[in-house]
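What the coordinates show
If you want the building blocks of each chain, they are given just below.
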Amino acid sequence: MTYDIIIIGGGSAGLMAAVAASRGGARVLLLDKGNRLGRKLGISGGGRCNVTNNKELDEIIRHIPGNGRFLHSAFSIYSNREIIAFFEGLGIPLKEEDNGRMFPVSDKAKTVVDALISQVRRQGVEIRTDQAVQEVLYADGAVRGVRLISGERVYAGRVIIATGGCSVPHTGSTGDGYAWAEAAGHTITELFPTEVPLRSSDAHIASRELQGLSLRDVTLTVWNAKGKRVITHRGDLLFTHFGLSGPIALRCSQYVVKELKRSDSVTLTVDLFPDTSADELYASTWKLAETESKKAIKTILRSLVQERLVPVLLAKAELLETTTFDNLPKANLLELSRLMKAFPVHIHDTLSLEEAFVTGGGVTLKEIDPKTMQSKLMRGLYFCGEILDIHGYTGGYNITAAFSTGHAAGTHAAEEALVPDLGPG
Ligand SMILES: Cc1cc2nc3c(=O)[nH]c(=O)nc-3n(C[C@H](O)[C@H](O)[C@H](O)COP(=O)(O)OP(=O)(O)OC[C@H]3O[C@@H](n4cnc5c(N)ncnc54)[C@H](O)[C@@H]3O)c2cc1C
């Protein structure tokens with residue numbers, strides 16, 4: 001069987017590549033090893049499908065710290081604006097939520113995934129699920145097709161690899177594409193977990209006294225071994241039974257992963273009052289204690305921070321819960337204020353690559369044409385989505401990158417397929 005284009009992987013990138021590749025009438029085959037397409041897309045954004053993000057392009061790129069600048073060309077043709085218009089054109093109205101995150105008005109991922117698959121079908125793409133590709137076939141510096149796990153060979157002059165990373169493998173992303181990239185001569189940069197919860201064995205984590213505590217609008221800072229600030233993120237944070245999770249812990253995670261390569265433990269600090277200086281916080285806490293001089297410090301503190309933090313903060317500041325203003329040592333109150341501005345959590349590990357939301361690293365970008373997503377090493381070979389060495393924060397940025405690179409790969413593979421090869425001279 002021969003096609004113009006074979007797309008391996010029907011996730012965000014592969015489905016969008018299929019839409020773009022089939023617009024001009026090219027014969028396109030979409031293969032996926034799972035029994036359903038778009039499984040990871042369907043569980044994104046807490047199961048409501050975080051289709052894209054509504055921020056300006058510069059901001060989108062800033063939120064893709066893993067090589068976001070590589071996407072300038074692809075975004076200049078197909079960005080969040082086009083993604084929004086595309087889905088609205090398919091009859092899926094979108095709404096904006098916090099931090100620019102775009103969701104279907106229905107709040108159901110299924111509406112997005114179904115609409116995308118229907119469009120792919122309407123445009124005449126042949127879809128074969130439960131078809132695991134075993135090998136991409138190359139000969140004389142060009143792509144020839146693929147061999148399925150069943151042994152069947154399917155031929156095409158253009159193959160788009162959209163097999164994703166290797167996180168959350170039950171969605172089908174098991175990292176199969178990396179070996180095919182290497183077989184074509186590509187380099188795979190080191191893979192690492194990103195957007196991943198963090199592990200700590202600090203006493204207050206091990207004791208589980210903070211488990212389930214959710215802090216809103218705080219900052220989390222990562223420090224390197226020399227005590228220099230690496231990154232700060234502001235937003236919501238969750239204490240779990242093993243450490244830290246929640247949006248800002250996930251955002252900090254890739255920096256923690258890098259620091260953990262250099263030392264066994266990385267210090268993070270939580271600022272519970274990001275808009276108040278340490279001096280102001282000390283002064284206002286002192287004043288509060290003075291005004292309510294008969295009240296125990298634990299009662300004063302409860303009016304400032306969440307109740308579950310109170311015993312932890314007081315123990316760390318070496319203050320008895322019953323202490324009142326009359327016997328409140330300044331040094332300990334100073335320490336208490338310092339802790340509210342920089343509550344330390346020591347991280348020794350993260351959850352695994354399989355448990356991460358996103359895989360960092362992938363096919364090295366200097367071997368990929370940023371306009372077309374075509375391999376610079378193997379004729380007819382394209383890559384798109386998370387298999388590339390691109391990773392963003394959750395919030396629609398990875399999906400935007402997957403749709404945009406998928407669109408570029410599909411468009412250019414079709415152009416190549418449909419323009420007759422006039423040969424030299
Ligand atoms: C729980 C969760 C929540 C997320 N939330 C967000 C979010 O809110 N915002 C955001 O931007 N990103 C989010 N992400 C990340 C985002 O979903 C992914 O980056 C993106 O969907 C990747 O798309 P992809 O097409 O590159 O890969 P995938 O969606 O992983 O698709 C790869 C496809 O390739 C197929 N495949 C693999 N190997 C083979 C083979 N050998 N033969 C045939 N087919 C094969 C797989 O079955 C799969 O369908 C989330 C991820 C997870 C796990």
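Residues numbered from 1 in each chain as written. Predicted model: local features only at pLDDT ≥ 70, side-chain atom pairs only at ≥ 80, totals over all residues. Heavy atoms only, no water.

1. Quick look at the domain arrangement of the chain
Its domain assignment divides the chain into domain 1 (2–192 + 355–422) and domain 2 (197–350). Taking the mean C-alpha position of each, domain 1 and domain 2 sit 41 Å from one another. Tallying the contact residues gives 9 residues for domain 1 and 7 residues for domain 2. For the pair domain 1 and domain 2, the summed buried area comes to about 770 Å², and 57% of that belongs to carbon and sulfur atoms. Three residues stand out in domain 1 for area buried against domain 2, namely Phe-192, Phe-357 and Tyr-393, and they jointly supply 55% of the buried area on that side. (Domains from an automatic or database assignment. Contact = heavy atoms within 4.5 Å. Buried area = accessible area lost by both parts, 1.4 Å probe.)

2. A look at the sheet that holds strand S14 (residues 243–245)
Taken in spatial order, the 7 strands of this open sheet run S16-S15-S12-S13-S14-S11-S17, and their pairing is antiparallel. Unpaired on one side and paired on the other, strand S16 (343–347) and strand S17 (349–350) mark the two borders of the sheet. The sheet contact formed by strand S11 (residues 198–199) and S14 spans 2 bridges and is antiparallel. Residue pairing in the sheet places Leu-198 in a bridge with Leu-244 of S14. Packing of helix H9 (residues 247–260) onto the sheet brings it into contact with S11, strand S12 (214–223), strand S13 (229–239), S14, strand S15 (266–271), S16 and S17, and relative to S13 it is tilted by some 140 degrees. Lying on the sheet, helix H13 (residues 330–341) is in contact with S15 and S16; it crosses S15 at an angle near 100 degrees. (Pairing = 2+ DSSP bridges. Helix = DSSP H or I, 4+ residues; strand = E, 2+ residues; numbered from the N terminus. Axes fitted to C-alpha atoms, helices over the stretch in contact; angles between N-to-C directions.)

3. Observations concerning the pairing of S13
Both S12 and S13 contribute to a ladder of 8 bridges, which runs antiparallel. Across the sheet, residue Val-222 finds its bridge partner in S13, namely Ile-231. When S13 meets S14, the two strands line up antiparallel, connected through 2 bridges. Among the inter-strand pairings, Phe-239 is bridged to a residue of S14, identified as Leu-244.

4. Thoughts on the site of the ligand
Around the ligand there are 37 residues in total, and Asp-32, Ser-173, Asp-176, Glu-386 and Asn-398 lie nearest to it. The contact in question runs from an oxygen atom of the ligand to an N or O atom on the side chain of Asp-32, over 2.6 Å. Between Tyr-397 and the ligand, the recorded distance is 3.1 Å, taken from a backbone N or O atom to an oxygen atom. Notes on the ligand: free accessible area 1000 Å², of which the protein chains cover 96%. Sort the elements by how many residues they give to the shell around the ligand and helix H2 (residues 39–47) lands first, with 5 residues. Taken together, the residues of the shell around the ligand break down into 13 nonpolar, 18 polar and 6 charged. (Near = heavy atom within 4 Å. Polar contact = N/O pair within 3.5 Å; in protein donor to acceptor, adjacent residues only side chain to side chain. Areas by Shrake-Rupley, 256 points an atom, 1.4 Å probe, with all protein chains shown as cover. Nonpolar A, V, L, I, M, F, W, Y, C, P; charged D, E, K, R; others polar.)

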